[in-house]
Amino acid sequence: MATATIKAPAATQPAAPKYPEQVTGMYILARALKNIGIDTMYGLVGIPVTEFAYIAQEQNIRFVGFRHEQQAGMAAATHGFLTKKPGVLLTVSSLGFMNGLTATVNATVNCYPMIQISGSSERAPIDLDQGAYEGLDQLSVAKGLVKAAYRVNRPEDIPLAVARAYRAAVSGRPGGVYLDVTTPCLGAVMNRADAEKLLFTPVDPEPKHIPSPESVDRAVKLLASAKKPVILLGKGAAYAQVDEKIRKLVESTGIPFLQMSMAKGLMPDKHPLSAMSCRSTVMSQADVVMLVGARLNWLLSRGHGKWNPDGRFIQLDIEPEEIDCNRPIAAPVIGDMDSSLSAILSGLESVKLSMDPAWIKALQDETKVKNARFMARMTGNANASPMNHWCALNVIKPILEANPDVILVNEGANTLDDTRDAVDMTLPRHRVDCATWAIMGMGMGSVVGAAVATGKSVVAVEGDSAFGFSGMDFSTVCRFNLPCTVVIFNNGGIYNGVGVNMSGNGDPAPTTLDVNARYDKLGEAFGAKTYYVTTPDELKSALTEAIASKKPALIDVQLAADSGKESGHIGYLNPASLQNVIV
Ligand code: ADP
Ligand code: TZD
Ligand code: MG
């Protein structure tokens, strides 16, 4: 393809300040963020935050500019999950704020620490509803949806406001925090020396929370009494970065484990104690379940359904209100994961476990059978033409497993469920997906956030519908020249491309998208290396080359339109399915 190279004009950023002894609120905000350890900001600029972003860059805060605030927010959230430090999102007022808020609320739901900083209009015309530029009472909108929300009106309050936002994001159960900074506050001028004196480093922003000895004792005794125990690891355990203690808990007790989607790799999925392939058996038979940073929410049938009604639960969590939310918890241990695991590990030293050795043997035997069945399903589809999800995953699985340090981002319905089940993870915090809310549209933001926060390579496996929510921000992957490969499973629709519009009016069905779309052309527009693949061999060589290149790449994988079932693995959540209604 012939491309014209347009030369950028000379720099357009603001000149050096004329009065260096005077500084603005924007400067103080940048200094306060830098001072507290924020080195990256994701966002999308315009009035009133453009100059602030320039100043932040000048202060060596990396600014990663996006095409849509939601994606910038998904990047900040992913940054928070992977690093245990709040990711920061910068938005303009009103719609920019609203676009970003979706991601901040999603971060709150998922317990990722992040801070959304938004410029806002001056108070007086907002409060009297007088039609201010991009006028919206943003603080009121954010409150109630996020973990904490603050507004800062005076430049001298900025360092405190930043410290409070940081503390709120990372302490206790992590979450999304909103910080509203008014236009007058951003522009207000202060004496530089006075401003510098306000900067401070907060003491102990993420305090330890030591569990009570009684709660630990109760949990240890219950675990020791179990004949068929299981340890269930969630993304809170992955987030807490206590990998060695988790390994010790599993290996010193020999108790089998399950891992929730984003906890995969905390223990290697292929570990001999992994019961991942016998989830139903574990749910129905375990007599003691130890939840480690996992909630008993819809992803675990809210503690009912297949679960053994007589099973008893131990739950390690930092959030006391989580306990008993769906089912009585016999042994809650409230504390930060590091402290709780330390206490449990030392408690376990003086007890004898009663686990039945036949339990492990039965699970390992079942694992062998189930894994063989799973592999037969993949290899049985190896030559499908056109390709289907399993055929494509049969190629992708060994490549990703041979590159364990690549972070896997994953969204879609069948694309999500099948990829999660197919690709074994080896390392902690190497899988980021649509998580607790099962939202589409975390893709490109998470790809950018993961690559920027860790410096690692990223591969995203995206359904064609899922990709559509964030596709334009593939341009951000390219602009920042990140080592990321985006793989799109194009089956032409939401779940598949064979939906039927029963009116016969010629419109596409509600689930139908574009099975003939050439997503690779979209990648070409931004200068990425692109591939359009129709066979397993083409996919193999494209993915291998793309990962090795450490450059932006996009692979459009042509699937059959009938590949994939409605709602993937969770069709039972549809209203008619819940009522067993047929039509
Ligand atoms: P999953 O979806 O993997 O099951 P969830 O997001 O439902 O995981 O649960 C994560 C849990 O981990 C939350 O209840 C949260 O309060 C808890 N958590 C997060 N960070 C910590 C921590 N540092 N120490 C203890 N618990 C934590
Ligand atoms: N909108 C948002 C924000 N989140 C959602 N989860 C949905 C809509 C509904 N939805 C799903 O739950 S999965 C999905 C949608 C639109 C897309 C599935 O299609 P896909 O994957 O192309 O991404 P498969 O492989 O075709 O199933
Ligand atoms: Mg699809």
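Scroll up to find the structure this text is about.
Parameters at a glance
- Residues numbered from 1 in each chain as written.
- Chains lettered and ligands numbered in written order.
- Predicted model: local features only at pLDDT ≥ 70, side-chain atom pairs only at ≥ 80, totals over all residues.
- Heavy atoms only, no water.
- Pairing = 2+ DSSP bridges.
- Helix = DSSP H or I, 4+ residues; strand = E, 2+ residues; numbered from the N terminus.
- Axes fitted to C-alpha atoms, helices over the stretch in contact; angles between N-to-C directions.
- Contact = heavy atoms within 4.5 Å.
- Near = heavy atom within 4 Å.
- Polar contact = N/O pair within 3.5 Å; in protein donor to acceptor, adjacent residues only side chain to side chain.
- Areas by Shrake-Rupley, 256 points an atom, 1.4 Å probe, with all protein chains shown as cover.
- Nonpolar A, V, L, I, M, F, W, Y, C, P; charged D, E, K, R; others polar.
- Buried < 20%, exposed > 50% of the residue type's maximum accessible area, 1.4 Å probe, protein only.
- Right-handed = clockwise from strand over helix to strand, strands pointing away.
- Parallel < 35°, antiparallel > 145°, perpendicular 65-115°, else oblique.
- Left-handed = near helix turned anticlockwise from the far one by under 90°.
- Salt bridge = Lys/Arg side-chain N within 4 Å of Asp/Glu carboxyl O.
- Phe/Tyr/Trp six-rings, centres within 6.5 Å; stacked < 30°, edge-to-face > 60°.
- Lys NZ or Arg CZ within 6 Å of the ring centre and 35° of its normal.

Undergrad: Can you help me understand the sheet that holds strand β4 (residues 87-91) in this one?
TA: The strands making up a sheet associate through hydrogen bonds between their backbones, and the pairing can be parallel or antiparallel. The 6 strands lie next to each other as β3-β2-β4-β5-β7-β6, forming an open sheet whose pairing is parallel. Looking at the sheet topology across the chains shown, the edges are occupied by β3 (62-65) and β6 (148-152). Along the sheet, successive strands turn relative to each other by an average axial angle of 25°, direction set aside. The sheet contacts of helix α18 (residues 443-454) involve β2 (40-43) and β3, and relative to β2 the element is tilted by about 165°.

Undergrad: Honestly, the site of ligand 2 in this entry has me stumped. Any pointers?
TA: Inspection of the region around ligand 2 gives 17 residues, with His389, Asn414, Thr415, Ala438 and Asp464 positioned closest. One of the side-chain N or O atoms of Asn491 is found 2.9 Å from an oxygen atom in ligand 2. For ligand 2, the accessible surface in isolation is 600 Å², of which the surrounding protein chains cover 77%. Counting residues per element, the shell around ligand 2 draws most heavily on helix α19 (residues 464-470), at 4 residues. Grouping the constituent residues of the shell around ligand 2 by class yields 8 nonpolar, 8 polar and 1 charged.

Undergrad: What should I look at first to understand the pairing of β2 in this one?
TA: Taken residue by residue, a regular strand's side chains alternate between the two faces of the sheet. Of the two faces of β2, the one holding Thr40 and Tyr42 and the one holding Met41 and Gly43 are both buried throughout. In this region the chain leaves β2, passes through helix α2 (residues 50-58) and returns to the parallel neighbour β3; the handedness of that crossover is right-handed.

Undergrad: Whenever I open this one, the packing of helix α3 (residues 69-83) against helix α4 (residues 95-110) confuses me. Can you help?
TA: Geometry of a packed helix pair, given as the angle between the helix axes and the separation of the axes. Look at α3 against α4: their axes get within 7 Å of each other, and the N-to-C directions meet at 30°. By the angle between their axes, α3 is roughly parallel relative to α4. In the packing of α3 onto α4, the handedness of the crossing is right-handed. When α3 is examined against α4, the residues Glu69, Gln70, Gly73, Met74 and Ala77 are found in contact with a partner set consisting of Gly96, Asn99, Gly100, Thr102, Ala103, Asn106 and Ala107. Its residues assigned to classes, the contact of α3 with α4 comprises 4 nonpolar, 7 polar and 1 charged.

Undergrad: Just checking my understanding: could you explain the pattern of salt bridges for this structure?
TA: Oppositely charged side chains are able to pair whenever their charged atoms sit close together. According to the stated counting rule, one finds 28 salt bridges in the structure shown. Among the ionic pairs, Asp180 bridges to Arg151, the shortest N-O distance being 3.3 Å. You can see Asp180 sitting in strand β7 (residues 176-182) and its partner Arg151 sitting in strand β6, a full 29 residues away along the chain. Between Glu251 and Arg247 there is a salt bridge, with its nearest N and O atoms 3.4 Å apart. Of the two residues, Glu251 and Arg247 both sit in helix α12 (residues 243-253), 4 residues apart, roughly one turn of that helix. Look at Arg247 and you get partly exposed, because its relative accessible area is 28%. Taken together, the salt bridges that share partners define one network made up of Arg123, Asp127, Asp137, Arg151 and Asp180.

Undergrad: What's the story with unusual backbone geometry in this structure? I'm lost.
TA: Excluding glycine, a negative phi dihedral is what most residues carry, and trans is how most peptide bonds are arranged. The step from Ile47 to Pro48 runs through a cis peptide bond, and the omega angle for that step is 5°. Along the chain, Pro48 turns up in the loop between β2 and α2. Of the consecutive residues Ser385 and Pro386, the connecting peptide bond is found in the cis state with omega at -5°. For Pro386, the position within the fold is in the loop between α15 (357-380) and α16 (389-401). With a phi angle near 70°, Lys84 is a residue other than glycine that sits in the positive phi range. Phi at Tyr495 is positive, roughly 80°, even though this residue is not glycine. Within the element layout of this structure, Tyr495 appears in the loop between β17 (484-490) and α21 (519-525).

Undergrad: Explanation requested: the packing of aromatic side chains in the structure shown.
TA: The description of two aromatic rings rests on the distance between their centres and on the angle between their planes. Across all of its chains, the model carries 6 aromatic pairs by this definition. Judged by centre distance (5.4 Å) and plane angle (50°), the ring pair of Phe81 and Tyr112 falls under tilted. On the criterion of sequence distance, the pair formed by Phe81 in helix α3 and Tyr112 in the loop between α4 and β5 (114-120) is long-range, its members being 31 residues apart. In this pair, the class of Phe81 matches that of Tyr112, namely buried. Both rings, one in Phe97 and one in Tyr178, keep their centres 5.0 Å apart while their planes meet at 55°; by these two values the pair is tilted. Here Tyr178 lies in strand β7 and Phe97 lies in helix α4, a separation of 81 residues in the sequence. Directly above the ring of Tyr27 sits Arg192, whose terminal nitrogen or CZ lies 5.0 Å from the centroid. Above the ring of Tyr532, the side-chain terminus of Arg518 is found at 3.9 Å from the ring centroid.

Undergrad: What is the right way to look at the site of ligand 1 in this model?
TA: Taken together, 20 residues lie around ligand 1, and Arg173, Lys235, Arg295, Asp317 and Met337 are the ones closest in. Take Gly293: an N or O atom from its main chain is 3.4 Å from an oxygen atom of ligand 1. For ligand 1, an oxygen atom lies 2.8 Å from a polar atom in the side chain of Arg295. Considering ligand 1 on its own, with 580 Å² of exposed area, one finds that the protein chains cover 97% of that surface. In the shell around ligand 1, the residues fall into 8 nonpolar, 6 polar and 6 charged.

Undergrad: I would appreciate a short explanation of the environment of Ile488 in the present structure.
TA: For Ile488, the location among the structural elements is in strand β17. The exposure class assigned to Ile488 is buried, which follows from its relative accessible area of 0%. The spatial distance from the C-alpha of Ile488 to the C-alpha of Tyr532 is 9.8 Å, given a sequence separation of 44 residues. Sequence-distant contacts of Ile488, that is, excluding residues within four places in its chain, are made with Glu462, Asp464, Phe467, Tyr519, Leu554, Ile555, Asp556 and Val557.

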